[in-house]
Amino acid sequence: MLLTPLRFCAVCCVGAISALMWNAASAALAVDQQPNVILFLVDDMGPMDTSVPFMTDDDGKPKRYPLNDYYRTPAMERLASRGIRFSTFYAMSVCSPTRTSILTGQNAARHRVTQWIRSEENNRGEYGPPEWRWVGFQNARATLPGVLQASGYRTIFVGKAHFGPLGEPSEWPTNLGFDVNVAGCSWGQPGSYYGEDGYGNLKGNKRRAVPHLEKYYGSDTFLSEALTLEAKKQITRAVQDKKPFFLDFAHYAVHSPFQSDPRFASHYEDSGKPKNAQAYATLIEGMDKSLGDILDHLESIGIAEDTLVLFVGDNGSDAPLGPVHDHASSFPLRAKKGTHYEGGMRVPFIASWAKPSAQNKIQKRLPIPAGAIQRQFGTVMDIYPTVLSVTGVQPPSGHTLDGTDLKTQIEGKQDSGREEQFLMHFPHKHRSSYFTSYRDGDWKIIYHYRPNDNPAKTRYELFNLVTDPYENENVAQSKPKVLKRMMASLTASLQAESALYPVDANGSEMHPEVP
């Protein structure tokens, strides 16, 4: 099934959702079994880091590119064949902002975790906003797991957290609404992927040693495999306790260090790619094996039909292929993780029941077409309201959501009430520095607060993503009316979300300049 794009609204306030509708849904789900939900989150994985083609041609048919033939992800192919994948799905350009957006259903401009969080010290940068939320989001009652936990779900976290710095409550997932935490802490990367190294506890980068996996120290168990074994145990335990569960399975892969997974190294030896790119591909394949193992486990214990799987990346690809801002690591998309181009913020997204069944009562509430491609885009902020909708759990009062329920789109239909708007605000220094990007329909504007800190050396970059989907031609000078309109919308969106801005050398806020 192939769908055509429509506009959608990326901003939705909980107050606009009828409490009566939510209560009715909760009552209905109380009669039947509630679904289990697995959020399978992959670090630094872009939409081209897979054998599943997410890109489409002009007719909406899947289109393969060379990178699709380089990577091997049969479990992703299996999941995509059973459900629906989005050809365009947006995240923030680095990890902590995205992970907080999933926790809160809010845009980074609103929740103010606008930079990846350095564990030991505030990394706002020389001109970053002094009040950005380096300590992380800490209201457990408003987080997705916290809300599910209060409604009777077993909430499980396995893998990379990176929600907050050392010494803050947000350092540990159990302070954010999770009942169980395995391997999650302040770190954004593992000290080592190797069991022989104790995942950094015995050898490697001990300042980033992965916790809680002592039983695998000294073994040849790769980190992705150890996490999978632990996730399977937690799933089984929840089923034995007759508890519906929400599992946030957040792999450390495929973040650096790019250490080769020996189980798959031979698959890439003759690829002609650099050694670090080969190692990256083994991390992708190891992650994919994990997905397959989880799907197999759900079937073996008889809960696959009752379990919804949402597969997503946390920012654009970090594949070590070519220059950062070129069409290389994410080809045909431009650039990679940490940048303002599409390759920096586009991620894979698949929604599927682990085992589709037209007769299953739970699945009848969310029928997902097999092998479908949804061309109307979504964002990571949408995961929060979508999970609450599927589980029939009421959102917390007074908590604003920027995301929208994806139910209609996941069912293979177009949501006529949505508009194509996506705000990505990054007031810090990174590969792309001190910028705000904003998409509205066909157009995308990038505003540079400090033009000389970016490769383009210009304040405005304007692209038509329909005629120029790979951002080759900046038309800011030739389309002054569009530029002015887009900048006015960008500024209004930042104001609506009470965004924080970069500061100048005197500490004064630098607001966008509308031409």
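Above this text sits the structure in question.
Residues numbered from 1 in each chain as written. Predicted model: local features only at pLDDT ≥ 70, side-chain atom pairs only at ≥ 80, totals over all residues. Heavy atoms only, no water.

**Points about the sheet that holds strand 7 (residues 307-313)**
Phase 1: Spatial ordering of the open sheet is given by 5-4-6-1-7-8-2-9, a layout of eight strands whose pairing is mixed. Two strands close off the open sheet at either side, each with one partner strand: strand 5 (180-182) and strand 9 (372-374). Averaged over neighbouring strand pairs, the angle between their axes works out to 15° when direction is ignored.
Phase 2: Looking at chain direction, strand 2 (residues 84-86) and strand 9 are connected through three bridges and run parallel. Each residue of the ladder has a partner; that of I84, found in strand 9, is A372.
Phase 3: Relative to strand 8 (residues 349-353), helix 3 (residues 74-82) is tilted by about 65°, and along the sheet it contacts strand 2, strand 7 and strand 8. (Pairing = 2+ DSSP bridges. Helix = DSSP H or I, 4+ residues; strand = E, 2+ residues; numbered from the N terminus. Axes fitted to C-alpha atoms, helices over the stretch in contact; angles between N-to-C directions. Contact = heavy atoms within 4.5 Å.)

**Focus on the environment of L291**
Phase 1: Here L291 lies in helix 8 (residues 275-300).
Phase 2: Along the primary structure L291 and D49 are separated by 242 residues, whereas in three dimensions their C-alpha atoms are 15 Å apart.
Phase 3: Contact partners of L291, with chain neighbours within four places excluded, come to F40, A75, M76, L79 and F311.

**Here's the deal with helix 8**
Phase 1: Here helix 8 is 26 residues long and its end C-alpha atoms lie 37 Å apart, about the 38 Å a rise of 1.5 Å per residue gives.
Phase 2: Within helix 8, 20 of the 26 residues are buried, leaving the element largely enclosed by the surrounding structure.
Phase 3: A positive backbone phi angle near 80° is found at G302, which sits one or two residues after helix 8. (Expected span 1.5 Å × (residues − 1). Buried < 20%, exposed > 50% of the residue type's maximum accessible area, 1.4 Å probe, protein only.)

**Let's talk about the sheet that holds strand 12 (residues 435-440)**
Phase 1: Taken together, the four strands give an open sheet; going across it, the order is 11-12-13-14, and neighbouring strands pair in antiparallel fashion. Of all the strands in the sheet, the pair left with one neighbour each is strand 11 (421-426) and strand 14 (460-464). Strand after strand, the sheet turns through a mean of 10° between neighbouring axes, direction not considered.
Phase 2: The pairing of strand 11 with strand 12 spans six bridges and is antiparallel. Residue pairing in the sheet places M424 in a bridge with S437 of strand 12.
Phase 3: On the sheet, helix 13 (residues 480-496) packs against strand 11, strand 12, strand 13 (443-448) and strand 14 and is oriented at approximately 70° with respect to strand 13.

**Focus on the state of the cysteines**
Phase 1: Within the structure shown, the criterion is met by zero disulfides.
Phase 2: Summary of cysteine pairing: C95 is not part of a disulfide, and the nearest cysteine sulfur, belonging to C185, is at 12 Å.
Phase 3: Looking at C185, the relative accessible area reads 3%, which means it is buried. (Disulfide = S-S within 2.5 Å.)

**A look at the nonpolar core**
Phase 1: If you look at the biggest cluster of nonpolar residues, it comprises 62 residues, and the most contacted ones within it are Y71, M76, L213, F245, L247, L298 and F311.
Phase 2: Element by element, the count of residues in this core is highest for helix 8, at 10 residues.
Phase 3: Discounting residues that sit within four places of it in the chain, Y71 has contacts with M48, D49, T50, S51, Y280, A281, I284, A319 and L321.
Phase 4: Judged by nonpolar contacts, the second largest core, of 57 residues, contains I368, Y384, L401 and M424. (Core = buried A, V, L, I, M, F, W, Y, C linked by side-chain atoms within 4.5 Å.)

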